[in-house]
2 protein chains.
Amino acid sequence: MPKGVPSATVSRLVTYLRVLTDLERAGVSRTSSDILATEAQVTAFQVRKDLAYFGSFGTRGSGYSVHGLRQELRRILGLTRPWRVAIVGMGRLGQALADFPQLGEFDFELVAAFDVDEQKVGKVLGGVEVRHTDELARAAADLDIDIAFLTVPTPAAQAATDKVVAAGIVGILNFVPTVVSTPPEVWVETVDFLAALKRLAYYIKGRAPVIDESGVKVGST
Amino acid sequence: MPKGVPSATVSRLVTYLRVLTDLERAGVSRTSSDILATEAQVTAFQVRKDLAYFGSFGTRGSGYSVHGLRQELRRILGLTRPWRVAIVGMGRLGQALADFPQLGEFDFELVAAFDVDEQKVGKVLGGVEVRHTDELARAAADLDIDIAFLTVPTPAAQAATDKVVAAGIVGILNFVPTVVSTPPEVWVETVDFLAALKRLAYYIKGRAPVIDESGVKVGST
DNA sequence: ATATGTGAATTGATTCACAGCG
DNA sequence: CGCTGTGAATCAATTCACATAT
């Protein structure tokens, strides 16, 4: 596990893994940095450099084994063992994620769900019984929870995070549009579509088609 | 609109804007790069450098006007005018997004929804009438659509993207876990929670609590 | 002949120190 | 005096050229 790997490299490795999975599913047995680069929309240099952080996985002159490189990437990314996931916050999004069928496909197992609403505690939503968030520490130890999906309302985010941290959970997938504080041993990845939408506004500002006086779309000025 | 702004800066501007909105809502009238930095979990240097790409918005010795800086960031990010959004792909996620109440709060207006499924075309899902995806080009011109939310099944992603591009839409918020190809005048922001989850696995690999033989959690080795 | 793996060069982003203004 | 704004320095990431292996 080398140090100093750019986080952009980790993101790209996830993309390469998806491309390799598609290739393997399509029955392709060998590939190259060129092909991976095209599919991932990066350069072949970048693909090779990204892989070089972790070792040498190809054969000079003939490229990479699709299956072999896929296994290596799964190992590098830590996707060869099942991760045990809990959802914290069973509102609309939490319930939708509980229902999401493809989680298991990728060795992520939903093992618990939590909410502070007594109306929800004890009910089964999306196939899991909802427990009270105060049970987090006990349940995390019993159920060996690795990852929490944080899907609580924004004002509750930090308090819920503190409970997750106190429970010894080291990974948080944060769906709440706010920055939460955690000790350094806890890693937080954020998924925030409103933030992505606002970035998009920045990039297309001034590019959006302009309608001229006759109602015809013309290029931006 | 300065060139060469790091994309990380754009992401952080979105965070600063959220912090400023919270501060304004809380009735705070002035702030500083230090306060913004703490809330956004970056350094004060970084805040000032990020803002410096676009101008000078503070007062030396006394910091920033919360309201003033918030307006500047809204202007910089292109959030002072309404953006017209269409959803392409009215499956589970598309319907959930159509139902999402907070879009309008941020000057994003849902103006149309598309699907290829004849069963869905003509129905009203999440408050919008669903049109056939082949109507995209016509509708985009009539309704002046700026942004498409891409929420189609993965195998349909590129074909749907091509229709979006042909319709003259310049911004795509891509929820599909794949890389789509677009001409350079179209900007794509990707929201992929499975990718974020896999990155998380990488970072916590080796950090996850280890259970010793007596069933007690101990630090990772 | 061909495509990988990698050190060197370049480009880009962040950090810093302090000059500049209120 | 305090806090912003910014050029210079450091640090990090990407690009490139080519040596290397099959």
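Analysis parameters
Residues numbered from 1 in each chain as written. Chains lettered and ligands numbered in written order. Predicted model: local features only at pLDDT ≥ 70, side-chain atom pairs only at ≥ 80, totals over all residues. Heavy atoms only, no water. Core = buried A, V, L, I, M, F, W, Y, C linked by side-chain atoms within 4.5 Å. Buried < 20%, exposed > 50% of the residue type's maximum accessible area, 1.4 Å probe, protein only. Contact = heavy atoms within 4.5 Å. Domains from an automatic or database assignment. Near = heavy atom within 4 Å. Polar contact = N/O pair within 3.5 Å; in protein donor to acceptor, adjacent residues only side chain to side chain. Helix = DSSP H or I, 4+ residues; strand = E, 2+ residues; numbered from the N terminus. Nonpolar A, V, L, I, M, F, W, Y, C, P; charged D, E, K, R; others polar. Pairing = 2+ DSSP bridges. Right-handed = clockwise from strand over helix to strand, strands pointing away. Buried area = accessible area lost by both parts, 1.4 Å probe. Salt bridge = Lys/Arg side-chain N within 4 Å of Asp/Glu carboxyl O. Axes fitted to C-alpha atoms, helices over the stretch in contact; angles between N-to-C directions. Parallel < 35°, antiparallel > 145°, perpendicular 65-115°, else oblique. Left-handed = near helix turned anticlockwise from the far one by under 90°.

Asks: Help me out: how do you make sense of the nonpolar core in this one?
Replies: Nonpolar side chains tend toward joint burial in soluble globular proteins. Grouped together as the largest cluster of nonpolar side chains are 104 residues, with contacts concentrated most on A:Phe149 and B:Phe149. Ignoring any residue separated from it by four or fewer positions in sequence, one finds A:Phe149 in contact with A:Val85, A:Ala86, A:Ile87, A:Val88, A:Leu97, A:Leu103, A:Leu173, A:Phe175, B:Phe193 and B:Leu197. In this structure, A:Ile145, A:Ala148, A:Leu150 and A:Ala157 belong to the second largest nonpolar core, which totals 23 residues.

Asks: Whenever I open this one, the domain arrangement of chain A confuses me. Can you help?
Replies: Many analyses report the size of an interface as the accessible area lost when the parts associate. If you check the domain split of chain A, you get domain 1 (7-76) and domain 2 (83-190). Spacing between the C-alpha centres of domain 1 of chain A and domain 2 of chain A amounts to 32 Å.

Asks: What am I meant to see in the protein's contact with DNA strand C here?
Replies: Taken together, 23 residues are adjacent to DNA strand C, and A:Ser33, A:Arg48, A:Phe57, A:Gly58 and A:Arg60 come closest. Protein-adjacent atoms of DNA strand C, using a 4 Å cutoff, are sugar or phosphate at a proportion of 63%. Side-chain polar atom of A:Ser33 to a phosphate oxygen of DNA strand C: 2.5 Å apart, as the coordinates give it. At 2.9 Å from a phosphate oxygen of DNA strand C is found a main-chain nitrogen or oxygen belonging to A:Phe57. Going through the elements one at a time, α3 (44-52) of chain A together with α1 (7-25) and α3 (44-52) of chain B are the ones with two or more residues in the surface near DNA strand C. Per-element tally for the surface near DNA strand C: the top contributor is α3(B), with 3 residues. A class-by-class count of the residues in the surface near DNA strand C yields 6 nonpolar, 11 polar and 6 charged.

Asks: Looking at this structure, how should I read the pairing of strand β4 (residues 108-115) of chain A?
Replies: For a regular strand, the rule is simple: side chains alternate between the two faces of the sheet. Residues and elements named next belong to chain A. Of all 8 residues that make up β4, 6 are buried, and the element is covered over most of its length. Two elements, strand β3 (residues 83-88) and β4, share 6 bridges in a ladder whose sense is parallel. Bridge pairing in β4 links Arg 84 to Glu 109. With helix α5 (residues 92-99) bridging β3 and the parallel β4, this β-α-β connection has right-handed handedness. With 3 bridges joining them, β4 and strand β6 (residues 128-132) adopt parallel strand pairing. Residue pairing for β6: Asp 115 is matched across the bridge by His 132.

Asks: Would you mind showing me how to read the interface of chain A and chain B here?
Replies: Facing the 71 residues of chain A at the interface are 71 residues of chain B. Overall, the association of chain A and chain B removes approximately 6100 Å² of surface from exposure, summing both partners, and the carbon and sulfur fraction of that is 69%. Inspection of the chain A/chain B interface yields 2 salt bridges. With a shortest N-O distance of 2.9 Å, A:Glu189 and B:Arg199 are connected by a salt bridge. At the junction of chain A and chain B, the tally comes to 12 residue pairs in polar contact (both at pLDDT 80 or more). Looking at the side of chain A that touches chain B, the element that brings in the most residues is helix α8 (residues 193-204) of chain A, giving 12 residues.

Asks: How do you make sense of the packing of α8(A) against α1(B) when you look at a structure like this?
Replies: Packed helices, taken two at a time, are described by the angle between their axes plus the distance between the axes. Put simply, α8(A) and α1(B) touch, their axes get as near as 9 Å, and they point 120 degrees apart. Overall, the two elements α8(A) and α1(B) adopt an arrangement that is oblique. Of the two elements, α8(A) crosses α1(B), and the hand of that crossing is right-handed. Each of A:Ala195, A:Lys198, A:Arg199, A:Tyr202 and A:Tyr203 in α8(A) lies in contact with α1(B), whose residues at this interface are B:Ser7, B:Val10, B:Ser11 and B:Val14. Here the contact of α8(A) with α1(B) is built from residues that sort into 5 nonpolar, 2 polar and 2 charged.

Asks: Just checking my understanding: could you explain the protein's contact with DNA strand D for this structure?
Replies: As a structural note, the neighbourhood of DNA strand D is formed by 24 residues, with A:Arg60, B:Ser33, B:Arg48, B:Gly58 and B:Arg60 the closest of them. If you look at DNA strand D and keep only atoms within 4 Å of the protein, 58% of those are sugar or phosphate atoms. The separation between a phosphate oxygen of DNA strand D and a polar side-chain atom of A:Gln46 is 3.2 Å. At 2.8 Å from a base nitrogen of DNA strand D is found a side-chain nitrogen or oxygen belonging to B:Arg48. Secondary structure elements with two or more residues in the surface near DNA strand D: α1 (7-25) and α3 of chain A together with α3 of chain B. Among the elements that take part in the surface near DNA strand D, α3(A) stands out by supplying 4 residues, more than any other. Looking at the surface near DNA strand D residue by residue, the classes come out as 6 nonpolar, 11 polar and 7 charged.

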